[in-house]
Amino acid sequence: MAHSVRRDAPELPDFSLLKRLARDQLIYLLEQLPGRKDLFIEADLMSPLDRIANVITLKQHDVDKLYKVEYKPIVSTSDQLCFLIRPRIKTVKWICDVVNTDKAFGRFRRYKIIFSPQKFYACENLLEEQGIFGDVTTDEWSFYLLPLDDDIISLELPEFFRDNFLEGDQRWVRTAGSALHLLHSVYGPFSKVYGIGRCSKMAYESWREQVEEGEQRARQAEIGNVFLIDRDVDLVTPLCSQVVYEGLVDDIFRIKCGCVEFGPDVTSSDKSIKVMLNSQDKVFNEIRNEHFSQVFGFLSQKARNLQTAYDKRSGMDIKQMKTFVSEELKGLKQEHRLLSLHIGASESMMKKKTKQDFQELLKTEHSLLEGFEIRECISYIEEHINRQVSMVESMRLLCLLSLTENGLLPKDYRSLKAQFLQSYGIDHLLTFSNLKQLGLLVEQQPGETLTVMESRVGKLVNDKTAGKLTDAFSSLSKKSNFRALGRRLNLVPKSDEEYDLRVPRDMAYIFSGAYIPLSCKLIEQVLERDGWTGLEEVTRMLNGHEFAVTGSNGSDARVKTDSQRIILVMFLGGCTFSEISALRFLGREKGLKFIVVTTAITNSARLLESMLDNHA
Amino acid sequence: MAFITANWNPLGEAFYRKIELYEMGWSLRDGLKECLVAAAPYGGPIALLRQPQRPSSSARPQLEIYSSSGVNMASFPWKSGPVRQLGWTVCDDLLCIQEDGTVLIYDLFGAFKRHFSMGNEVVQNQVLEAKVFHSPYGTGVAIVTGASRFTLATNIDDLKLRRLPEVPGLQGAPSCWAVLTQDRQTKVLLANGADLYILDNTSCTPVTPPGLSPQACSIVNMAVSFSYKYLALFTDSGHLWMGSANFKDKLSEVDTKVRTPPKQMVWCRRPKSQQPSVVIMWDRLLLVAGECTDTIQYTLDEESVCVAELDGVRIVGGSRHELLQEVPSACQDIFKIASMAPGALLLEAHKEYEKSSQKADEYLREIKEQSVLGEAVRQCVEAAGYEHEPETQKTLLRAASFGKCFLSNYPPEPFVSMCRDLKVLNSVRDYTVGIPLTHTQYKQMTVQVLIDRLVYRKLYPLAIEICRYLKTPEYQGVSRVLKHWACCKVQQKEEPDESIAHAVSVKLGEAAGISYSEIAARAYECGRTELAIKLLEFEPRSGEQVPLLLKMKRSQLALSKAIESGDTDLVYTVVTYLKNEMNRGDFFMTLRNQPVALSLYRQFCKHQEQDTLKDLFNQDDDHQELGNFYVKASYKEKKLEARLSLLQSAVDEYNKARNEFAAKATEEEMKLLRFQRRLDEEKGEALLGLSLQETLHALLTSNFHKQAEQLYRDFRVPDKRYWWLKLTALAEKDDWEEMEKFAKSKKSPIGYLPFVEVCVKQHNKYEAKKYVSKVTPEQKVKAHLAIGDLEGAAEAAIERRSEGEISTVLSRCSPTTDRALLERLNRARSTAAKK
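All of these numbers come straight from a predicted model, not from anything done at the bench.

Colleague: What should I look at first to understand the overall build of chain B in this one?
Modeller: Within chain B one finds 32 helices and 29 strands. Counting across all 835 residues of chain B, residues that qualify as buried make up 54%. Pairs at least 24 apart in sequence give 49% of the contacts found in chain B among residues at least 6 apart. With the model as given, the accessible surface of chain B reaches about 38300 Å², and the carbon-plus-sulfur share is 49%.

And the structure:
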């Protein structure tokens, strides 16, 4: 609302084409099993499927009944069963059980498994091992990309983060490469590709390979540059509390596949309402990127405007009234409905978030980011654990502490962990093991205190030797180097100045002016410098794996066509709504348009829950 | 040009011509006498199996393979069993059907490829006769055994033997038989005396040809046309019956007046033929019979063999190779004496033009007046295609080109493509190549197949030239030929690996769509593993490298290639392969060096084979992971004893991993579990499995203060936490008395504000007030506010002279009710600010 939109911002490409492609392929696949059939859908494919083809479409193509995959014996009476699943061992195993049960009862059915977005050899292997490879037909529904909004595309693969970064299982990398390939073949060719992170590099290579295998067509590019980034390059940002409206809604109500369910406390009625949150919702579109403190004011202003629009009626004659009713009233009513919903949501969030606790929580977070009053922060976290405030929240603070401080002191590490275990159960021992492996929560190695020294010394001595030193140290272990990065990239603005959230001056506004997200800052810097030159020390601290490749038609990048100013950012391992808001802000400032492709929308809770290994 | 018609013979409406294709390059002492001969259609190769001069046990028959022009391609003594029949497959492979039913397959150069058998039953009964036939399904073999039973294999590349039903009354071999392909089914038509039967998969049906003259008492020969549409029968009365192969129509019947059974009988037709005709061969006589009663007779001066073609019959003799065919109508129109067809006039016009005679104009005018110039050009172009002599072709094409000049919008394609086709045809008809294809055959067989045939003959340069000349897409053309060349090259045993690999990479370097893995596979088949590996290095797609590497048992290399490719499916393929191939220890060692594969396998084990996972960790001495493994296993265990023992294992592993923290935590968990069990047994509480905190909470709310106290000490629960716990537990129970006691027991490590807050939370302001006084001065304001005591808060804030706190209190005051307070606070604030 307060932002001045640069008028020359380019138009975004039309991504609904991706949906059409996916739908057509699905229908084709369903028709491969002619006749009436029951369809079993993997639980986490249901919402994405809903975006692509609704129940009516499915029924039109001979789908009789729809079931959710629940890993239980089935009750279907149909002679043909179709399974629409992710390529997971567990699900395939369940299907094997279903088929083998049928066999034991002498029941003959036809089975078809549609893997989305691709099948894995492991799955086929399992079918073979279970002796049903000949009984089922398998297919792939290459539904890689789900456009959640005009500028957000999701792969809807939340397990990407854990599989890839924790388990070292790279099976999804190729999927990411294929997704990129799809975008390239529909909206490319890209002029330049930048990236950072091991996984990004592999995804890039996988994509290049697919490009080389396939045929190439010359076409008008709709997307200019591409930036690939691994989630583990920046783990701090997703662990911060989100305070931008869309992010906050996600943190509190959990947006699922672009859709949120508002409970009775928001709707002020006795039932919940599901609402699509995207740019179609005019009210939401205007507040999604705003800092939460600004939202209420905006909403009340909006309510007043709406009232004025309604009030116009009073002075109208019949004719005017007629046009009003036919043209404006519907829009006003719609807007009214949405407005009341968002006001309800804001109120509900206010109740939760303006409390003392939340303010203190934010204060602690900001202190951690600034590296200020760390002891107080630790005792705050301790108290958090002792009082058994939400487990995930405690873990989040612990991880933030470790990430920003380059690990915990051994004494703190032990005592906090012991308290955590006592408080939330011993089974989190495994969770801690995971967190350690990923570098989210680690102990400071005795030698590592040196790096703190070194970075201080480095400033005094000339930069070159410092560079060499860092080089030697960064190979030691996985560590975040957050402080040094913060200084170099100016991520944490000086706290003594007042930050006017109404007129954001940089991307830090998404965290109340306390922190510019590292991921977005990297993107900004690389785009500005047209590569990684000058960022050598930064990439060293981020463990390298950066690249910048000029594509087939990027030779004449000086001609800034519209498509050149459309940047596709691909987050491997998920991104948060806050980061998307920050990129939108950056886009407005620089006259660019960002398209965010992510393996899934994430936030602190989702990220940490994926790390849990307790028995639940 | 009258001489062109010199070799034309009229038969009814049509003419037949016999043209010489080659003078045979072979030198056969006795011609084709005493030889088993097989010549493949479409100008294919010729195989001869020459019986030894004097039948003796030591002398071996000689197998020889020649091109159509008689150039020797292979020759070797036959060392296997007696051969009944020779035949060629569609891929130019030679089939030798032995008496015992074994079929041996050789390539064009006499290299043995493989063999198969026509069934066990045949071994006993022997093959009496055999036939090789071609159908849309490929090349097939049919035999009849000594037991008078027929066996069919429709496609030798996908061998399925079908034994046909018995034929009633048949003894020994039938008098004649043929294989028919009708309605997508392969059948056998046979004659036993005068009776005709059709044998299909399930039944034997007697049939009668409509209108077969009654004089005949036996059918002695039969022929099925190239397209399986027509059938000809020759009876012992010397009658030739022609009709459709489905026995619905009769075309004609001719009395040949020769009663001896013919040696060979073949159809001589062409697409759009004017009349059906059959060529019958006896020892010294060749006879063409058609619809009319007349026949054409040629005398044969040597032993010959007829080869049926799509558009005629080739006659291969000891010294000559000829083509007998019906003269195509385009040629007839142009060359028939005194023809006034447009093409003939145009040819005449062009001839006059060459002579610079003005008659050219007259002829042209004549054609133009009838406005048939287009037709004339078309005729000339078409006729050129049917002519074998390049000179005649040229004359016709020049005439066509000449005529074209007078046409404004005649499409150039037919002319251009005919020129191209003829250039290709003439080059393959060359004596050294020896593929006498006609234009009709060439169109039917397609360029692709022609290239294949050239490749089979190892005529790579010519094949590549043709591909380039015809601008065949690389993938189907040049690259394909090069691949074949390379596959052949790797079989050259005498050359060292290095030079072959180099030669291959140099030649194939820039060609598109080359699959090096196929070439490598061939090299491996020839036992040249090292060469195969070298060649695989050139393969850009790892997906193609890996399966072959596995086949060659280079599993380590396969694994690293798979990992390089980044395709986890591929890695997984190798891993499963290795798992089955190697012993466990080696397998684990291999994985250990490949972290990507290892994590992939771990993922798999997590879902599928928990125990293997354990072994894996054991192998690596990864005690940390082993500990985690036991902890995880303990969740799933219902029985406490088993659970404890699992946890004990975990403790041991953690100790080995020097992870004291985890070891201690696990030990504590065990202690807790035991404690919980004891309490559950004693007091009937359901505590088992709760966390320490939950246990404490449960104990406190159930008034087991002593036990809680014990846990608190045993587990060294931090004071702060214990206080928080007890406080909330007491408040939840509304046990205010106990709480007061607790507060007074000693100085609270968490201060007293929590007391206030907890009470307020339970809506007990009365109790809350009791603790306000105990709160430290810094938190006083908060405490007062918590119980809603504004005045107290104001008091405290003013006392502390803290501007911030005063503001906090101010914000809570409402201007209507607390006016006095407001004023006081404002005043205090201004004084505080002054300081």
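Picking up after the structure, the text goes on.
Colleague: Whenever I open this one, the packing of helix H14 (residues 542–551) of chain B against helix H15 (residues 555–565) of chain B confuses me. Can you help?
Modeller: A pair of packed helices can be characterised by two numbers: the angle between their axes and the separation between those axes. All names here are of chain B. Taken N-terminus to C-terminus, the directions of H14 and H15 make an angle of 165 degrees; their axes are 8 Å apart at the nearest point. Accordingly, the angle class assigned to the pair H14 and H15 is roughly antiparallel. Judged by the sense of rotation from one axis to the other, the crossing of H14 with H15 is left-handed. Touching Ser 542, Gln 545, Val 546, Leu 549 and Leu 550 of H14 are Ser 555, Leu 557, Ala 558, Lys 561, Ala 562 and Ser 565, all from H15. When grouped by side-chain class, the residues that make up the contact of H14 with H15 number 6 nonpolar, 4 polar and 1 charged.

Colleague: How should the nonpolar core be read in this particular structure?
Modeller: General note: in soluble globular proteins, nonpolar side chains tend to be found buried as a group. Residues Phe 83, Trp 141, Leu 183 and Leu 440 of chain A are the most contacted members of the largest nonpolar core, which totals 318 residues. No other element matches the 9 residues that helix H17 (residues 391–404) of chain A contributes to this core. When residues no more than four places from it in sequence are discounted, the contact partners of Leu 440 of chain A are Leu 235, Leu 239, Cys 399, Ser 402, Leu 403, Leu 435, Leu 607, Leu 608 and Met 611 of chain A. Formed by 30 residues, the second largest nonpolar core is a distinct cluster that contains Ala 142, Val 144, Leu 170 and Ile 219 of chain B.

Colleague: Hey, could you run me through the interface of chain B and chain A in this one?
Modeller: With 38 residues of chain B in contact, the opposing surface of chain A contributes 44 residues. Across the chain B/chain A interface, buried area totals approximately 3600 Å², and carbon plus sulfur atoms make up 54% of it. Contact with chain A buries area across many residues of chain B, yet Tyr 635, Phe 661 and Arg 721 of chain B alone supply 19% of it, more than any other trio. Counting the contacts that link chain B with chain A gives 0 salt bridges. When residues of the side of chain B that touches chain A are traced back to their parent elements, those giving at least two are helix H16 (568–581), helix H18 (595–608), helix H20 (623–636), helix H22 (660–683), helix H23 (692–701) and helix H25 (719–733) of chain B. If one sorts the elements of the side of chain B that touches chain A by residue count, H18 of chain B sits on top with 7 residues. When its residues are assigned to classes, the side of chain B that touches chain A shows 14 nonpolar, 13 polar and 11 charged.

Colleague: Looking at this structure, how should I read the sheet that holds strand E18 (residues 204–207) of chain B?
Modeller: To summarise the sheet geometry, strands pair through backbone hydrogen bonds and adopt either a parallel or an antiparallel arrangement. All names here are of chain B. If you walk across this open sheet you meet the 4 strands as E15-E16-E17-E18, and the pairing is antiparallel. What marks the edges here is a single partner per strand, and that holds for strand E15 (176–182) and E18. Averaged over all pairs of adjacent strands, the angle between their axes in this sheet comes to 25 degrees, without regard to strand direction.

Colleague: Sorry, what's going on with the packing of helix H16 (residues 374–386) of chain A against H17 of chain A here?
Modeller: Residues and elements named next belong to chain A. Axis separation between H16 and H17 bottoms out at 9 Å; the angle between their running directions is 160 degrees. Taken together, the axes of H16 and H17 are roughly antiparallel relative to one another. Every pair of crossing elements has a handedness; the one defined by H16 and H17 is left-handed. Contacts between H16 and H17 pair Ile 374, Ile 378, Tyr 380, Ile 381, His 384 and Ile 385 from the former with Glu 393, Ser 394, Leu 397, Leu 398 and Leu 401 from the latter.

Colleague: Help me understand the sheet that holds strand E9 (residues 225–230) of chain A in this model?
Modeller: Residues and elements named next belong to chain A. Sheet architecture is open: 7 strands sit in the order E6-E7-E14-E13-E9-E8-E12, paired in mixed fashion. Both edges of this open sheet fall to strand E6 (146–147) and strand E12 (546–550), since each of them pairs with a single strand only. Relative to strand E14 (residues 593–598), strand E7 (residues 152–154) runs parallel, the two being bridged by 3 bridges. Each residue of the ladder has a partner; that of Ile 153, found in E14, is Val 597. Those strands touched by helix H8 (residues 198–213) are strand E8 (192–196), E9, E12 and strand E13 (566–572), and its axis lies near 135 degrees from that of E9.

Colleague: I tried to follow the pattern of salt bridges on my own but got confused; where do I start?
Modeller: With the rule as written, the count across this model stands at 59 salt bridges over all chains. The shortest N-O distance in the salt bridge between Lys 656 of chain B and Glu 653 of chain B comes to 3.8 Å. Taken together, the positions of Lys 656 of chain B and Glu 653 of chain B, both in helix H21 (residues 640–656) and 3 residues apart, correspond to about one turn of that helix. Beyond isolated ion pairs, a larger network of salt bridges with shared partners links Asp 149, Asp 151, Glu 246, Arg 288 and Arg 584 of chain A.

Colleague: Could you clarify how one ought to interpret helix H13 (residues 292–311) of chain A in this entry?
Modeller: One full turn of an α-helix is made of 3.6 residues, so residues set three or four places apart face in the same direction. Residue and element names in this part refer to chain A. The terminal C-alpha atoms of H13, which comprises 20 residues, lie 29 Å apart, in line with the 28 Å expected from a rise of 1.5 Å per residue. Taken together, the buried positions of H13 are occupied by Phe 292, Gln 294, Val 295, Phe 298, Leu 299, Lys 302, Leu 306, Ala 309 and Tyr 310. The buried residues of H13 occupy an angular sector of 140 degrees when the element is viewed end-on, so they sit on one face.

Colleague: Could you clarify how one ought to interpret the packing of aromatic side chains in this entry?
Modeller: Two aromatic rings, taken as a pair, are described by how far apart their centres are and by the angle between their planes. Counted by the stated rule, this structure contains 38 aromatic pairs over all chains. For the pair Tyr 121 of chain A and Tyr 572 of chain B, a centre-to-centre distance of 5.7 Å together with 65 degrees between the ring planes defines the contact as edge-to-face. In this pair, Tyr 121 of chain A is assigned in helix H5 (residues 121–129) and Tyr 572 of chain B in helix H16, connecting two distinct chains. For Tyr 121 of chain A, a relative accessible area of 25% corresponds to the partly exposed category. Among the residues examined, Tyr 572 of chain B registers a relative accessible area of 6% and is labelled buried.

Conventions used here
Residues numbered from 1 in each chain as written. Chains lettered and ligands numbered in written order. Predicted model: local features only at pLDDT ≥ 70, side-chain atom pairs only at ≥ 80, totals over all residues. Heavy atoms only, no water. Helix = DSSP H or I, 4+ residues; strand = E, 2+ residues; numbered from the N terminus. Buried < 20%, exposed > 50% of the residue type's maximum accessible area, 1.4 Å probe, protein only. Contact = heavy atoms within 4.5 Å. Areas by Shrake-Rupley, 256 points an atom, 1.4 Å probe, with all protein chains shown as cover. Axes fitted to C-alpha atoms, helices over the stretch in contact; angles between N-to-C directions. Parallel < 35°, antiparallel > 145°, perpendicular 65-115°, else oblique. Left-handed = near helix turned anticlockwise from the far one by under 90°. Nonpolar A, V, L, I, M, F, W, Y, C, P; charged D, E, K, R; others polar. Core = buried A, V, L, I, M, F, W, Y, C linked by side-chain atoms within 4.5 Å. Buried area = accessible area lost by both parts, 1.4 Å probe. Salt bridge = Lys/Arg side-chain N within 4 Å of Asp/Glu carboxyl O. Pairing = 2+ DSSP bridges. Expected span 1.5 Å × (residues − 1). Arc of directions from axis to C-beta. Phe/Tyr/Trp six-rings, centres within 6.5 Å; stacked < 30°, edge-to-face > 60°.

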